[in-house]
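Descriptive structure summary
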Amino acid sequence: MNVQNVMVIGAGQMGSGIAQVCAMAGYQVKLHDIKQEFLDRGFGIIKKNLSRQVEKGRMTEEDMTATLNRITPSLDLQNASDIDLVIEAAIENMEIKTKLFAELDKIAPADAILATNTSSLPITEIAAATNRPEKVIGMHFMNPVPVMKLVEIIRGLATTDEVYAVIEDMTKKLSKVPVEVNDFPGFVSNRILMPMINEAIFTVYEGVATPEAIDEVMKLGMNHPMGPLTLADFIGLDTCLYIMETLHEGFGDDKYRPCPLLRKYVKAGWLGKKSGRGFYVYE
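Residues numbered from 1 in each chain as written. Predicted model: local features only at pLDDT ≥ 70, side-chain atom pairs only at ≥ 80, totals over all residues. Heavy atoms only, no water.

1. Concerning the overall build of the protein
Across its full length, the protein holds 11 helices and eight strands. Taken against the 2.2 N^0.38 rule, which gives 19 Å for 283 residues, the C-alpha radius of gyration of the protein at 19 Å falls within 12% of a compact globule. Along the three orthogonal principal directions, the C-alpha set of the protein runs to about 55 × 45 × 35 Å. For the protein, buried positions account for 48% of its 283 residues. A total of about 13800 Å² of accessible surface is found on the protein, and carbon and sulfur atoms cover 53% of it. (Helix = DSSP H or I, 4+ residues; strand = E, 2+ residues; numbered from the N terminus. Rg over C-alpha atoms; globule rule 2.2 N^0.38 Å. Buried < 20%, exposed > 50% of the residue type's maximum accessible area, 1.4 Å probe, protein only. Areas by Shrake-Rupley, 256 points an atom, 1.4 Å probe, with all protein chains shown as cover.)

Structure representation (C-alpha coordinates):
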(Lines give C-alpha, C1' and ligand atoms only; values in the text may rest on other atoms or scores of the structure.)
Protein backbone atom coordinates (compact mmCIF):
# COMPACT_ATOMS: atom_id res chain seq x y z
CA MET A 1 0.00 0.00 0.00
CA ASN A 2 1.25 3.46 -0.94
CA VAL A 3 0.51 6.22 1.59
CA GLN A 4 0.12 9.67 0.04
CA ASN A 5 -2.80 11.33 1.80
CA VAL A 6 -2.70 11.61 5.58
CA MET A 7 -5.20 13.00 8.09
CA VAL A 8 -3.84 14.08 11.47
CA ILE A 9 -6.55 14.41 14.14
CA GLY A 10 -5.83 16.97 16.82
CA ALA A 11 -4.01 20.25 16.14
CA GLY A 12 -2.38 20.51 19.56
CA GLN A 13 1.34 20.30 20.28
CA MET A 14 1.66 16.66 19.15
CA GLY A 15 -0.77 16.79 16.23
CA SER A 16 0.68 19.97 14.74
CA GLY A 17 4.17 18.47 15.01
CA ILE A 18 3.07 15.26 13.28
CA ALA A 19 1.35 17.27 10.52
CA GLN A 20 4.52 19.33 10.07
CA VAL A 21 6.90 16.36 9.66
CA CYS A 22 4.47 14.59 7.31
CA ALA A 23 4.15 17.70 5.11
CA MET A 24 7.93 18.21 5.14
CA ALA A 25 8.33 14.63 3.88
CA GLY A 26 6.03 15.37 0.93
CA TYR A 27 2.72 13.92 2.14
CA GLN A 28 -0.59 15.72 1.55
CA VAL A 29 -1.93 16.37 5.04
CA LYS A 30 -5.37 17.24 6.39
CA LEU A 31 -5.04 18.68 9.89
CA HIS A 32 -8.33 18.12 11.70
CA ASP A 33 -9.76 19.52 14.91
CA ILE A 34 -13.17 20.38 16.35
CA LYS A 35 -12.72 24.18 16.57
CA GLN A 36 -11.25 26.78 14.20
CA GLU A 37 -9.29 28.38 17.07
CA PHE A 38 -7.49 25.06 17.70
CA LEU A 39 -6.58 24.83 14.00
CA ASP A 40 -5.37 28.45 13.95
CA ARG A 41 -3.18 27.78 16.99
CA GLY A 42 -1.82 24.57 15.41
CA PHE A 43 -0.98 26.31 12.13
CA GLY A 44 0.67 29.09 14.13
CA ILE A 45 2.95 26.54 15.84
CA ILE A 46 3.87 24.97 12.47
CA LYS A 47 4.64 28.36 10.84
CA LYS A 48 6.77 29.37 13.84
CA ASN A 49 8.74 26.09 13.69
CA LEU A 50 9.33 26.35 9.93
CA SER A 51 10.28 30.05 10.13
CA ARG A 52 12.93 29.14 12.67
CA GLN A 53 14.32 26.53 10.25
CA VAL A 54 14.51 29.20 7.52
CA GLU A 55 16.28 31.64 9.87
CA LYS A 56 18.87 28.97 10.71
CA GLY A 57 19.45 28.23 7.01
CA ARG A 58 18.14 24.68 7.27
CA MET A 59 15.23 25.32 4.92
CA THR A 60 14.52 27.75 2.06
CA GLU A 61 11.53 30.10 1.94
CA GLU A 62 10.30 28.10 -1.07
CA ASP A 63 10.42 24.82 0.85
CA MET A 64 8.59 26.42 3.77
CA THR A 65 5.82 27.69 1.48
CA ALA A 66 5.55 24.29 -0.26
CA THR A 67 5.34 22.50 3.12
CA LEU A 68 2.58 24.83 4.37
CA ASN A 69 0.67 24.41 1.09
CA ARG A 70 0.59 20.64 1.64
CA ILE A 71 -1.42 21.10 4.87
CA THR A 72 -5.18 21.61 4.58
CA PRO A 73 -7.34 22.49 7.60
CA SER A 74 -10.35 20.29 8.41
CA LEU A 75 -13.31 20.78 10.74
CA ASP A 76 -15.39 17.92 9.28
CA LEU A 77 -14.45 14.29 9.97
CA GLN A 78 -16.06 13.36 6.61
CA ASN A 79 -12.84 14.73 5.07
CA ALA A 80 -11.31 11.36 5.98
CA SER A 81 -13.26 9.77 3.11
CA ASP A 82 -10.29 9.84 0.69
CA ILE A 83 -7.25 9.38 2.92
CA ASP A 84 -4.73 6.50 3.07
CA LEU A 85 -3.74 6.93 6.71
CA VAL A 86 -5.18 8.59 9.81
CA ILE A 87 -2.84 9.51 12.67
CA GLU A 88 -4.98 10.32 15.71
CA ALA A 89 -3.44 12.68 18.27
CA ALA A 90 -6.54 13.61 20.27
CA ILE A 91 -6.79 13.80 24.06
CA GLU A 92 -5.47 10.76 25.99
CA ASN A 93 -8.89 9.35 26.88
CA MET A 94 -10.08 5.85 25.94
CA GLU A 95 -13.75 6.79 25.57
CA ILE A 96 -12.93 9.66 23.19
CA LYS A 97 -10.50 7.56 21.17
CA THR A 98 -12.79 4.54 20.74
CA LYS A 99 -15.70 6.78 19.69
CA LEU A 100 -13.42 8.53 17.18
CA PHE A 101 -12.10 5.26 15.73
CA ALA A 102 -15.63 3.86 15.39
CA GLU A 103 -16.59 6.97 13.37
CA LEU A 104 -13.41 6.86 11.27
CA ASP A 105 -14.05 3.20 10.52
CA LYS A 106 -17.30 4.20 8.78
CA ILE A 107 -15.85 7.18 6.91
CA ALA A 108 -12.30 6.19 5.84
CA PRO A 109 -11.73 3.97 2.76
CA ALA A 110 -11.76 0.23 3.50
CA ASP A 111 -8.01 -0.10 2.90
CA ALA A 112 -7.01 2.95 4.99
CA ILE A 113 -4.79 2.43 8.04
CA LEU A 114 -5.93 3.93 11.34
CA ALA A 115 -3.01 4.84 13.63
CA THR A 116 -3.08 6.31 17.13
CA ASN A 117 -0.43 8.44 18.81
CA THR A 118 -1.55 7.25 22.26
CA SER A 119 1.27 7.27 24.80
CA SER A 120 -0.11 4.54 27.06
CA LEU A 121 -3.57 3.17 26.11
CA PRO A 122 -4.03 -0.37 24.70
CA ILE A 123 -3.99 -0.49 20.89
CA THR A 124 -6.03 -3.71 20.93
CA GLU A 125 -8.87 -2.04 22.82
CA ILE A 126 -8.90 0.95 20.45
CA ALA A 127 -8.85 -1.44 17.46
CA ALA A 128 -11.84 -3.36 18.86
CA ALA A 129 -14.02 -0.27 18.28
CA THR A 130 -13.57 -0.80 14.51
CA ASN A 131 -14.36 -3.48 11.95
CA ARG A 132 -10.74 -3.36 10.74
CA PRO A 133 -8.62 -4.23 13.81
CA GLU A 134 -5.96 -5.66 11.48
CA LYS A 135 -5.44 -2.13 10.09
CA VAL A 136 -5.14 -0.36 13.46
CA ILE A 137 -1.67 0.36 14.86
CA GLY A 138 0.08 2.54 17.44
CA MET A 139 2.42 5.25 16.17
CA HIS A 140 3.77 6.96 19.30
CA PHE A 141 5.79 10.08 18.44
CA MET A 142 7.93 11.84 21.06
CA ASN A 143 7.59 15.49 22.04
CA PRO A 144 8.65 17.82 20.41
CA VAL A 145 7.84 15.85 17.25
CA PRO A 146 9.97 17.83 14.75
CA VAL A 147 13.08 17.32 16.93
CA MET A 148 12.78 13.85 18.49
CA LYS A 149 13.82 10.89 16.33
CA LEU A 150 12.01 8.00 18.02
CA VAL A 151 8.62 6.59 16.99
CA GLU A 152 7.36 3.60 18.98
CA ILE A 153 5.32 1.40 16.63
CA ILE A 154 2.88 -0.77 18.56
CA ARG A 155 1.02 -3.72 17.10
CA GLY A 156 -2.43 -4.54 18.38
CA LEU A 157 -3.42 -8.19 18.74
CA ALA A 158 -4.73 -8.28 15.14
CA THR A 159 -2.35 -5.84 13.37
CA THR A 160 -1.00 -7.46 10.20
CA ASP A 161 2.66 -7.65 9.14
CA GLU A 162 1.77 -5.70 5.99
CA VAL A 163 0.33 -2.77 7.97
CA TYR A 164 3.35 -2.78 10.29
CA ALA A 165 5.70 -2.70 7.25
CA VAL A 166 3.84 0.27 5.70
CA ILE A 167 4.06 2.29 8.93
CA GLU A 168 7.70 1.34 9.53
CA ASP A 169 8.59 2.46 5.99
CA MET A 170 6.67 5.73 6.35
CA THR A 171 8.34 6.46 9.71
CA LYS A 172 11.75 6.24 7.98
CA LYS A 173 10.53 8.61 5.25
CA LEU A 174 9.72 11.11 8.03
CA SER A 175 13.43 10.89 9.02
CA LYS A 176 12.44 9.13 12.25
CA VAL A 177 13.67 5.89 13.80
CA PRO A 178 10.93 3.23 14.18
CA VAL A 179 11.14 0.82 17.13
CA GLU A 180 8.75 -2.13 17.35
CA VAL A 181 6.99 -2.54 20.70
CA ASN A 182 4.28 -4.92 21.89
CA ASP A 183 0.93 -3.80 23.29
CA PHE A 184 1.40 -3.37 27.06
CA PRO A 185 0.36 -0.39 29.23
CA GLY A 186 2.79 2.50 28.72
CA PHE A 187 4.64 0.53 25.98
CA VAL A 188 8.41 0.97 26.64
CA SER A 189 8.92 4.74 26.87
CA ASN A 190 6.30 5.62 29.46
CA ARG A 191 6.50 2.34 31.38
CA ILE A 192 10.09 3.29 32.25
CA LEU A 193 9.91 7.11 32.21
CA MET A 194 6.74 7.73 34.23
CA PRO A 195 7.67 5.62 37.31
CA MET A 196 11.01 7.51 37.34
CA ILE A 197 9.16 10.85 37.28
CA ASN A 198 6.70 9.56 39.91
CA GLU A 199 9.61 8.50 42.16
CA ALA A 200 11.18 11.95 41.75
CA ILE A 201 7.85 13.45 42.91
CA PHE A 202 7.80 11.08 45.91
CA THR A 203 11.31 12.33 46.71
CA VAL A 204 9.96 15.91 46.90
CA TYR A 205 6.84 14.74 48.80
CA GLU A 206 8.96 12.99 51.45
CA GLY A 207 11.23 16.02 51.87
CA VAL A 208 14.37 14.25 50.66
CA ALA A 209 15.41 17.19 48.46
CA THR A 210 14.10 20.21 46.55
CA PRO A 211 12.99 19.89 42.91
CA GLU A 212 16.12 21.84 41.88
CA ALA A 213 18.41 19.44 43.76
CA ILE A 214 16.69 16.33 42.37
CA ASP A 215 16.94 17.61 38.80
CA GLU A 216 20.60 18.55 39.33
CA VAL A 217 21.44 15.05 40.62
CA MET A 218 19.80 13.40 37.58
CA LYS A 219 21.43 15.79 35.10
CA LEU A 220 24.95 15.72 36.50
CA GLY A 221 24.96 12.23 37.99
CA MET A 222 22.97 10.30 35.37
CA ASN A 223 23.78 12.49 32.34
CA HIS A 224 20.09 13.23 31.67
CA PRO A 225 19.72 16.33 29.45
CA MET A 226 16.74 17.47 31.55
CA GLY A 227 15.80 16.69 35.14
CA PRO A 228 12.70 14.52 35.74
CA LEU A 229 10.69 17.31 37.42
CA THR A 230 11.47 19.83 34.68
CA LEU A 231 10.46 17.15 32.19
CA ALA A 232 7.23 16.45 34.11
CA ASP A 233 6.36 20.17 33.93
CA PHE A 234 7.12 20.14 30.20
CA ILE A 235 4.95 17.04 29.56
CA GLY A 236 2.11 18.32 31.78
CA LEU A 237 1.43 17.00 35.27
CA ASP A 238 -2.13 16.05 34.28
CA THR A 239 -0.71 13.88 31.49
CA CYS A 240 1.81 12.32 33.90
CA LEU A 241 -0.99 11.52 36.36
CA TYR A 242 -3.18 10.01 33.63
CA ILE A 243 -0.37 7.74 32.41
CA MET A 244 0.48 6.64 35.96
CA GLU A 245 -3.21 5.79 36.52
CA THR A 246 -3.23 3.82 33.25
CA LEU A 247 -0.13 1.86 34.39
CA HIS A 248 -1.60 1.29 37.87
CA GLU A 249 -4.90 0.05 36.45
CA GLY A 250 -3.30 -1.94 33.63
CA PHE A 251 -0.82 -3.86 35.81
CA GLY A 252 -2.66 -3.79 39.15
CA ASP A 253 0.69 -3.25 40.86
CA ASP A 254 1.16 -0.61 43.58
CA LYS A 255 4.63 0.24 42.33
CA TYR A 256 2.74 2.35 39.75
CA ARG A 257 0.62 4.19 42.38
CA PRO A 258 0.66 7.94 41.59
CA CYS A 259 2.27 10.09 44.27
CA PRO A 260 -0.30 12.04 46.36
CA LEU A 261 1.64 15.25 45.66
CA LEU A 262 1.13 14.74 41.91
CA ARG A 263 -2.64 14.43 42.49
CA LYS A 264 -2.62 17.55 44.69
CA TYR A 265 -0.82 19.66 42.07
CA VAL A 266 -3.20 18.54 39.32
CA LYS A 267 -6.25 19.34 41.51
CA ALA A 268 -4.74 22.77 42.22
CA GLY A 269 -4.41 23.40 38.48
CA TRP A 270 -0.62 23.38 38.73
CA LEU A 271 -0.12 21.45 35.50
CA GLY A 272 3.41 22.56 34.66
CA LYS A 273 4.65 24.89 31.94
CA LYS A 274 1.29 25.13 30.11
CA SER A 275 -0.49 26.51 33.20
CA GLY A 276 2.43 28.69 34.36
CA ARG A 277 3.16 26.64 37.46
CA GLY A 278 4.12 23.08 38.36
CA PHE A 279 7.27 22.10 40.24
CA TYR A 280 8.65 25.39 38.90
CA VAL A 281 7.05 28.77 38.19
CA TYR A 282 6.96 29.97 34.56
CA GLU A 283 6.43 33.54 33.37
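2. Points about helix 1 (residues 13-24)
Since the α-helix turns once every 3.6 residues, residues separated by three or four places project in the same direction. For helix 1, with 12 residues, the first-to-last C-alpha span of 17 Å sits near the 16 Å given by 1.5 Å per residue. Along helix 1, nine of the 12 residues are buried, which leaves the element largely enclosed by surrounding structure. Three or more residues of helix 1 are buried, namely Gly15, Ser16, Gly17, Ile18, Ala19, Gln20, Val21, Cys22 and Ala23. Looking one or two residues beyond helix 1, the residue adopting positive phi is Gly26, at roughly 100°. (Expected span 1.5 Å × (residues − 1).)

3. So, the packing of helix 1 against helix 2 (residues 36-55)
One can describe the packing of helix 1 onto helix 2 by two numbers: an axis separation of 9 Å at closest approach and a directional angle of 50°. The orientation of helix 1 relative to helix 2 falls into the category oblique. Crossing hand, helix 1 versus helix 2: right-handed. Note on element contacts: helix 2 touches helix 1 through Gly42, Ile45, Ile46, Asn49 and Leu50, opposite Ser16, Ala19, Gln20 and Met24. (Axes fitted to C-alpha atoms, helices over the stretch in contact; angles between N-to-C directions. Parallel < 35°, antiparallel > 145°, perpendicular 65-115°, else oblique. Left-handed = near helix turned anticlockwise from the far one by under 90°. Contact = heavy atoms within 4.5 Å.)

4. Brief notes about the UniProt feature "domain: 3-hydroxyacyl-CoA dehydrogenase NAD binding" (unreviewed entry) in the protein
Those residues carrying the UniProt feature "domain: 3-hydroxyacyl-CoA dehydrogenase NAD binding" (unreviewed entry) are residues 5-183 in this numbering. Each end of residues 5-183 is marked by a C-alpha atom, and these two atoms are 27 Å apart; helix forms 41% of the span and strand 22%. (UniProt positions renumbered as here; feature names shortened; annotations may be inferred.)

5. Comments concerning the UniProt feature "domain: 3-hydroxyacyl-CoA dehydrogenase C-terminal" (unreviewed entry) in the protein
Under the local residue numbering, the UniProt record ascribes the feature "domain: 3-hydroxyacyl-CoA dehydrogenase C-terminal" (unreviewed entry) to residues 186-282. With 63% helix and 0% strand, the stretch residues 186-282 has end C-alpha atoms that lie 28 Å from each other.

6. Description of the pattern of salt bridges
Evaluated as defined, the whole model comprises 11 salt bridges. With a closest N to O distance of 2.7 Å, Lys30 and Asp82 form a salt bridge. Separated by 52 residues along the polypeptide, Lys30 in strand 2 (residues 28-32) and Asp82 in the loop between strand 3 (71-74) and strand 4 (85-88) bring together distant segments of the chain. Exposure remark for Asp82: the relative accessible area of 45% places this residue in the partly exposed category. Close ionic contact of Glu216 with Lys219 constitutes a salt bridge, the shortest N to O distance being 3.8 Å. Separated by three residues within a single helix, Glu216 and Lys219 lie in helix 8 (residues 211-222), roughly one turn from each other. Of the residues examined, Lys219 reaches a relative accessible area of 33% and is grouped as partly exposed. Each of the salt bridges in this network shares a partner with another, and the network as a whole consists of Glu88, Glu92 and Lys97. (Salt bridge = Lys/Arg side-chain N within 4 Å of Asp/Glu carboxyl O.)

7. Let's talk about the layout of surface pockets
The calculated volume of the second largest pocket comes to roughly 440 Å³. If you trace the second largest pocket, you find 24 residues lining it, with Gln20, Gln53, Val145, Pro146 and Val147 closest to the centre. By residue number, the principal contributor to the lining of the second largest pocket is helix 1, which donates six residues. In the lining of the second largest pocket, the residues fall into 10 nonpolar, eight polar and six charged. (1 Å grid on protein atoms, 1.4 Å probe; cavity = no way out; pocket = protein on both sides within 12 Å on 5 of 7 lines; lining within 4 Å. Points joined across faces, edges and corners; volume = space filled by probe spheres on them. Nonpolar A, V, L, I, M, F, W, Y, C, P; charged D, E, K, R; others polar.)

8. Some thoughts on helix 3 (residues 61-69)
Those residues of helix 3 that fall on the buried side of the exposure criterion are Met64, Thr67 and Leu68. One side of helix 3 carries all its buried residues, which in axial view fall inside an arc of 95°. Away from the buried face of helix 3 by more than 90 degrees, exposed residues Glu62 and Asn69 are located. (Arc of directions from axis to C-beta.)

9. Let's talk about the sheet that holds strand 2
Across the sheet, eight strands lie side by side as 3-2-1-4-5-6-7-8; this open sheet has mixed pairing. Each having just a single partner strand, strand 3 and strand 8 (177-181) make up the two edges of the open sheet. Neighbour-to-neighbour, the strand axes of this sheet turn through a mean angle of 25°, independent of strand direction. Judged from the four bridges that link them, strand 4 and strand 5 (residues 113-116) form a sheet pairing that is parallel. Directly across from Glu88, in strand 5, lies its bridge partner Thr116. This element, helix 2, spans strand 2 and strand 3 of the sheet and lies at about 160° to strand 3. Packed on one face of the sheet, helix 4 (residues 94-107) meets strand 1 (5-9), strand 4, strand 5 and strand 6 (136-141) and runs near 165° to strand 5. (Pairing = 2+ DSSP bridges.)

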